[in-house]
Amino acid sequence: MKTRTAWPATGALTTLTLLLLVSPAAAQTRKWEKRFAVDGKPVVILRNPSGRIHVKASDRNEVVASAQLSDSRVVVDAEQTDNRVELATEVTGPQNASPADLRADFEITVPTETELQVRTDSGSVVVESVHGDMSFDTVAADLSLQDVETGELAYKAVLQTT
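Residues numbered from 1 in each chain as written. Predicted model: local features only at pLDDT ≥ 70, side-chain atom pairs only at ≥ 80, totals over all residues. Heavy atoms only, no water.

J.: Run through unusual backbone geometry, naming residues and quoting values.
T.: For Ser-129, which is not a glycine, the phi torsion comes out positive at approximately 60°. Position of Ser-129 among the secondary structure elements: in the loop between strand S7 (115-128) and strand S8 (134-146). Note on Ser-129: relative accessible area 26%, which makes it partly exposed. Although it is not a glycine, Asp-147 sits at a positive phi angle of roughly 55°. You can see Asp-147 is positioned in the loop between S8 and strand S9 (153-157). (Helix = DSSP H or I, 4+ residues; strand = E, 2+ residues; numbered from the N terminus. Buried < 20%, exposed > 50% of the residue type's maximum accessible area, 1.4 Å probe, protein only.)

J.: An account of a nonpolar patch on the surface is requested, with residue identities and associated values reported.
T.: A cluster of nonpolar residues, Leu-143, Leu-145, Leu-153 and Tyr-155, forms a patch on the protein surface that exposes about 330 Å² of accessible area. Listed by contribution, the elements that provide at least two residues to the nonpolar patch are S8 and S9. Tracing the sequence through the fold places Leu-143 in strand S8. Exposure remark for Leu-143: the relative accessible area of 30% places this residue in the partly exposed category. (Patch = residues over 30% accessible without salt bridge, like charges linked within 9 Å, V, L, I, M, F, W, Y side chains within 5 Å. Areas by Shrake-Rupley, 256 points an atom, 1.4 Å probe, with all protein chains shown as cover. Salt bridge = Lys/Arg side-chain N within 4 Å of Asp/Glu carboxyl O.)

J.: How would you explain the packing of aromatic side chains if you had to name every residue and give the values?
T.: Aromatic rings considered in pairs are described by the distance between their centres and by the relative angle of their planes. Per the counting criterion, the structure on display carries 1 aromatic pair. Where Trp-32 meets Phe-106, the ring centres are 6.5 Å apart and the plane angle is 70°; that geometry is what we call edge-to-face. Remark: Phe-106 occurs in strand S6 (residues 104-111) and Trp-32 occurs in strand S1 (residues 30-37); sequence separation between them is 74 residues. Residues Trp-32 and Phe-106 agree in their burial class; the two are buried. (Phe/Tyr/Trp six-rings, centres within 6.5 Å; stacked < 30°, edge-to-face > 60°.)

J.: Describe in detail the nonpolar core, supporting the description with residues and values.
T.: Within soluble globular proteins, side chains that are nonpolar tend to cluster in buried spots. Judged by nonpolar contacts, the single largest core of 27 residues is most densely connected at Trp-32, Val-55, Val-63, Leu-87, Phe-106, Ile-108 and Val-127. Of all the secondary-structure elements, those providing two or more residues to this core are S1, strand S2 (43-58), strand S3 (62-69), strand S4 (74-81), strand S5 (84-91), S6, S7 and S8. Residues within four places of Val-55 in sequence aside, it is in contact with Ile-108, Val-110, Leu-116, Val-126, Val-127, Glu-128 and Val-130. (Core = buried A, V, L, I, M, F, W, Y, C linked by side-chain atoms within 4.5 Å. Contact = heavy atoms within 4.5 Å.)

J.: I'd love a proper account of the pairing of S5, names of residues and values included.
T.: Each regular strand carries side chains that alternate between the two faces of the sheet. The pairing of S2 with S5 spans 5 bridges and is parallel. Considered in S5, the bridge of Ile-45 is made with Glu-86. Inspection of the sheet shows S4 paired to S5 by 8 bridges, in the antiparallel sense. Looking at S5, one finds that Asp-77 is bridged to Ala-88. The hairpin formed by S4 and S5 contains 2 residues between the paired strands, and Asp-82 there has a positive phi angle of roughly 55°. (Pairing = 2+ DSSP bridges.)

Geometric descriptors of this kind do not, in isolation, establish any biological role.
Structure representation (structure tokens):
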């Protein structure tokens, strides 16, 4: 005897509705990644107005940058000149969304001996095991340095008050 199970029409409709509601949000998040071959002591410059930034050291002679982009209007401009890598997040098109909706969350792996220059308005910055000069320019971002050795450390934070 064969048995057949059928979903009630309301269950199938509910499942379809949930899939349609979840799909647009998932479709908006995009992954970006790029690798840069470097040698010696590279300089990495990152400008990211909104989002999380996590930089960690590696024993490889390359910079690997990846980002989760929250919206199709968020793009990463990446450029390498000799041993200098510049990454800048930009918003294209209408900017009628909140900064939280137009964010980029970065994971960057750099050689241990790297100079870092980071500029962000909001989010968080975590740097792990990097040894080199570092400068941070933030507006409302948390900064965490873990197991770092710096020659020169510059930190500029703008506090907004009402």
